[in-house]
Structures are given as C-alpha cells and as structure tokens.
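Notes for the structure review
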Amino acid sequence: MLAAIWGVTLVSFFLIRLIPVDPVEAYFAINNLPITEEAIEEIREEQGLNKPLLFQYGTWLMNAVHLDFGQSFLTKTPVAEELLSRFSVTLGLAAAAFFIVIAISGIIGIWSVIKQGGLVDRFTRALVFATASMPSFWLGFVLVYVVSLKWGILPLMGWGTMEQSVLPAFTLALGYIPYYIRLIRTSMLEEMEKPHIAFARARGVKESIIIRRHVLKGILPALFTSLAMTCGGLLGGAAIIEAVFAIPGVGRYLVESMAARDYAVLQGFILIIGILYVIFNFLADLLCAIVDPRARLKRGDI
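Calculation rules
- Once a new chain begins, its residue numbering starts again from 1 and follows that chain's sequence as written.
- Restriction of local features to residues with pLDDT of at least 70 applies here, the model being predicted, together with a cutoff of 80 or more for giving and counting side-chain atom pairs; totals for whole chains, interfaces and linings are based on all residues.
- Calculated side-chain values reflect all of the structure's heavy atoms, with hydrogen atoms and water omitted.
- Going along the chain from the N terminus, every DSSP run of H or I of four or more residues is numbered as a helix, and every run of E of two or more is numbered as a strand.
- Relative accessibility under 20% of the residue-type maximum defines a buried residue, over 50% an exposed one, and the middle range a partly exposed one, all with a 1.4 Å probe and only protein chains included.
- Contacts are residue-level and defined by heavy atoms, with any inter-residue pair within 4.5 Å sufficient.
- Computed by Shrake-Rupley with a 1.4 Å probe, the accessible areas treat only the displayed protein chains as cover when residues are assessed.
- Charge convention: Lys and Arg are scored as positive, Asp and Glu as negative, and His as well as the terminal groups of each chain are ignored.
- Charged groups are reduced to one reference atom each: NZ for lysine, CZ for arginine, CG for aspartic acid, CD for glutamic acid.
- Grid points spaced at 1 Å over the protein atoms alone were grouped into cavities, where a 1.4 Å probe fits but cannot get out, and pockets, open sets with protein on both sides within 12 Å along at least five of seven lines, with lining residues defined by an atom within 4 Å of a point.
- Grid points are joined across faces, edges and corners, and a volume is the space filled by probe spheres set on the points.
- Any residue that is not Ala, Val, Leu, Ile, Met, Phe, Trp, Tyr, Cys, Pro, Asp, Glu, Lys or Arg is counted as polar, Gly included; the first ten are nonpolar and the last four charged.
- Salt bridge, as applied in this entry: a Lys or Arg side-chain nitrogen positioned within 4 Å of an Asp or Glu carboxyl oxygen.
- Between the rings of Phe, Tyr and Trp (Trp by its six-membered ring), a pair exists once the centres lie within 6.5 Å; its type follows the angle of the planes, with under 30 degrees stacked, over 60 edge-to-face, and the other angles tilted.
- Two distance rules govern patches: like charges are joined within 9 Å, and nonpolar side chains (Val, Leu, Ile, Met, Phe, Trp, Tyr) within 5 Å, applied only to residues with over 30% relative accessible area and no salt bridge.
- Take the buried Ala, Val, Leu, Ile, Met, Phe, Trp, Tyr and Cys residues and link them wherever side-chain atoms come within 4.5 Å; each set so joined is a nonpolar core.

Take the overall build of the protein next. Secondary structure assignment for the protein yields 13 helices and zero strands. Counted from the first residue to the last, the protein has its helices and strands arranged as α-α-α-α-α-α-α-α-α-α-α-α-α. Within the span of the protein, comprising 302 residues, buried residues form 40% of the whole. The long-range fraction of contacts in the protein, counting pairs at least 24 apart against all pairs at least 6 apart in sequence, stands at 74%. Here the protein displays about 16,900 Å² of accessible surface, and carbon together with sulfur accounts for 68% of that area. Of the charged side chains in the protein, 24 are positive and 23 negative; the average position of the first set lies 20 Å away from that of the second.

On to the side chain of Glu82. Mapped onto the secondary structure, Glu82 falls in helix 5 (residues 79-114). For Glu82, the residues in contact, after removing those within four places along its chain, are Thr75, Thr77 and Tyr253.

Apart from glycine, the bulk of residues carry a negative phi angle, and the bulk of peptide bonds sit in the trans form. Phi angles above zero are rare outside glycine, and Leu67 is one such case at about 60 degrees. Take Leu67: it is sitting in the loop between helix 4 (53-65) and helix 5.

The calculated volume of the largest pocket comes to roughly 430 Å³. With five residues, the top contributor of residues to the lining of the largest pocket is helix 4. Split into classes, the residues belonging to the lining of the largest pocket amount to eight nonpolar, eight polar and four charged. Taken as a whole, the second largest pocket encloses approximately 320 Å³ of empty space. Along the walls of the second largest pocket sit 16 residues, with Ala64, Leu67, Phe69, Leu271 and Ile275 positioned nearest its centre. Every element with two or more residues in the lining of the second largest pocket is listed here: helix 1 (2-14), helix 4, helix 5 and helix 13 (263-291). Residue contributions to the lining of the second largest pocket peak at five residues, all from helix 13.

Time to look at the pattern of salt bridges. Enumeration according to the criterion identifies three salt bridges in this entry. Glu191 serves as the salt-bridge partner of Lys194, at 3.1 Å between the closest nitrogen and oxygen. Across the pair Glu207 and Arg201 runs a salt bridge whose closest N-O atoms are separated by 2.8 Å. With a relative accessible area of 36%, Glu207 lands in the partly exposed category.

As a further point, take the packing of aromatic side chains. The full count for this structure, using the stated rule, is six aromatic pairs. Pairing Phe13 with Phe14 gives two aromatic rings, centres 5.0 Å apart and planes at 80 degrees, and the pair type is edge-to-face. We classify Phe13 as buried; its relative accessible area is 1%. Taken together, the aromatic side chains of Phe13, Phe14, Tyr57 and Trp60 make up a single cluster linked through ring pairs.

A contiguous patch of negative charge, built from Glu25, Glu37, Glu38, Glu41 and Glu45, is present on the exposed surface. Take the negative patch: its biggest share by element is four residues, from helix 3 (residues 37-47). Following the sequence through the fold, Glu25 ends up in helix 2 (residues 23-30).

What follows is about the environment of Pro155. Tracing the backbone shows Pro155 in the loop between helix 7 (136-150) and helix 8 (162-174). Pro155 gets classed as partly exposed once you look at its relative accessible area, which sits at 30%. With 41 residues separating them along the chain, Pro155 and His196 place their C-alpha atoms 50 Å apart. Once residues lying within four places of it in the same chain are set aside, the contact partners of Pro155 are Ser148, Glu163, Gln164 and Leu167.

A word on a nonpolar patch on the surface. Together, Met1, Ile279, Phe282, Leu283 and Leu286 line one region of the surface with nonpolar side chains, adding up to about 420 Å² of accessible area. Among the secondary structure elements, Phe282 is positioned in helix 13. The partly exposed category is assigned to Phe282, whose relative accessible area is 36%.

So, about the nonpolar core. Counting residues in hydrophobic clusters, the biggest one holds 63 residues, and the most contacted among them are Leu93, Leu167, Leu172, Ile177, Met188 and Phe245. Look past the residues within four positions of Leu172 in its chain and what remains in contact with it is Leu93, Ala94, Ala97, Leu234, Gly237, Ala238 and Ile241. Counting residues in each nonpolar core, the second largest holds seven residues, with Val24, Phe28, Leu49 and Phe73 among its members.

Below is the structure:
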C-alpha cells in the first residue's frame with residue numbers, strides 16, 4: 001500500500017506538469033488581470049514554481065503528509081479546506097449511486113439467471129446492451145428533460161434533500177449497472193456449472209437454497225474486487241454529474257479548477273482519489289479472504 005501510494009504521489013505531481021498551459025498565465029487570463037513579467041515572477045515566487053522540479057515535489061510531498069496541499073490559485077484558501085468542505089456532498093452522491101448499483105444489478109442479475117432463456121432474461125440482456133452504449137452525461141440531460149421538465153416528478157437541480165439526490169445518483173449509477181448485471185449473471189452461470197452445485201442438486205437440496213448458500217457466496221470474491229474499483233470510480237466520475245445537476249461537490253469544483261489550471265487543487269484531488277482506490281482494494285482483499293478460505297495465506301504456504 002505504501003509503495004502504491006508513493007506511486008500515486010508521483011503521478012499526481014508530475015502528470016499535471018505535462019499540461020502545456022502555464023498555470024500562472026492561465027490565472028491572469030481567467031481573472032482578466034494584465035500580464036506582466038513582474039506580476040508573473042511574483043506569483044511564481046509566491047507559489048514556489050520558480051524552484052527546481054524535484055525540490056517542488058519534495059516540498060509538496062512533505063506538506064501533503066500533513067494534509068497541506070497548498071493554496072488554490074482562484075480562492076487563495078487552503079486546498080485541503082476547499083476539498084473537505086465539498087467532499088461530504090460528493091461522498092453522499094457516490095454512496096447513493098453505489099446503493100442503487102448494488103440493488104438494481106443484484107435484483108436484475110439474479111432474476112435473469114433464475115429465468116435463464118426466458119423472456120425476462122432476453123429483455124434484460126437487450127436492456128443491458130442498450131444502456132451500456134449510452135454516455136452517462138447524455139443520460140443525465142435526457143433524464144433532466146423527461147423526469148424534471150416534462151413530468152415534473154423530481155427537482156431539476158440542486159442538492160440537500162432526498163428528492164434532489166435521486167436523479168443525479170441514478171444517472172451516476174446507470175454507467176455501472178449494465179456491467180454488474182453482466183458480471184453477476186455470468187459469474188452465477190459459471191458457478192452453477194461447478195461439481196459441488198451438481199452434488200447439492202443430487203442430494204435434493206432446493207434450488208433457492210443452492211443459489212443463496214452456494215452460488216451467491218461463490219461469486220462474492222469477484223464482486224468485491226470489482227466493487228472496490230467502482231467505489232473510486234464513482235467518486236471520480238461524479239464530476240460530470242455534479243456539473244450537469246449543479247451540485248456543489250468536489251467534482252464541480254474540480255471542473256472549475258481544471259479550466260483555471262489550478263495545480264494545487266488538481267494534485268490534491270488526484271492524490272486523495274488515488275489513496276482511496278488503494279484503501280478500497282485493500283479492504284476488498286480482506287473481504288475476499290474472509291469469504292473465500294482459499295484466498296487466505298497460511299503459515300508455510302509458498
């Protein structure tokens with residue numbers, strides 16, 4: 001985990017430097033300030049951008065260990081303060097979308113296996129292919145037009161109430177639901193072909209018990225591994241959804257910072273998301289070891 005997190009710091013710091021636009025000049029252009037050599041050198045001195053690159057990385061890394069990501073070019077406030085003040089909104093959106101993904105994918109995926117080859121199964125596969133081919137931002141605009149403008153069922157935009165969170169969370173979840181329906185369906189069908197399932201049927205065990213106790217338990221390791229990546233993806237992918245629905249979260253703030261080439265904000269966000277990815281995958285490994293005894297390391301194993 002430490003090696004992976006260190007790699008994330010390298011990516012978050014040096015990858016931003018590949019942007020061809022000078023952040024100091026972008027700062028002056030966005031704020032409609034006159035660009036002069038004296039003013040540019042003053043900002044570089046203030047932000048430490050006139051020092052060697054490795055020295056900048058070392059200073060930034062030492063500060064990041066203490067949760068100090070520097071100051072934002074735009075707001076002149078600490079980046080950590082800006083991100084944390086908005087992170088609760090993004091976490092709420094991602095958590096709601098995660099619950100929707102689990103609920104809808106689990107119900108439809110299991111039901112399509114139970115009704116394999118029937119009308120429900122064929123309709124589910126057609127729906128999965130159709131939904132998977134639609135970009136989430138396009139679906140967001142369609143849902144806003146139909147559900148909010150035409151039908152008036154849910155609020156158009158905003159955040160803070162249950163009604164305002166349903167539409168953006170569902171839009172964010174739609175990008176992942178087809179994948180998990182396919183994953184659950186394929187994994188369950190593969191698990192049902194294994195010898196221990198055939199043995200359970202030969203003993204006269206009910207099909208519902210076989211699915212609940214053996215099939216579903218067998219697909220949990222693969223499901224946990226995929227869900228760990230999805231947790232980080234939901235946090236990172238909320239940027240577009242927050243921009244579409246005017247939600248005051250980290251994603252919307254990140255889009256504004258990208259337009260302004262705000263190095264400090266971009267670095268801090270990438271670092272936080274990368275660390276969360278590492279943590280989620282570590283937790284998924286622990287859950288897989290708990291569910292599947294074969295994944296546990298024992299003394300003397302090679």
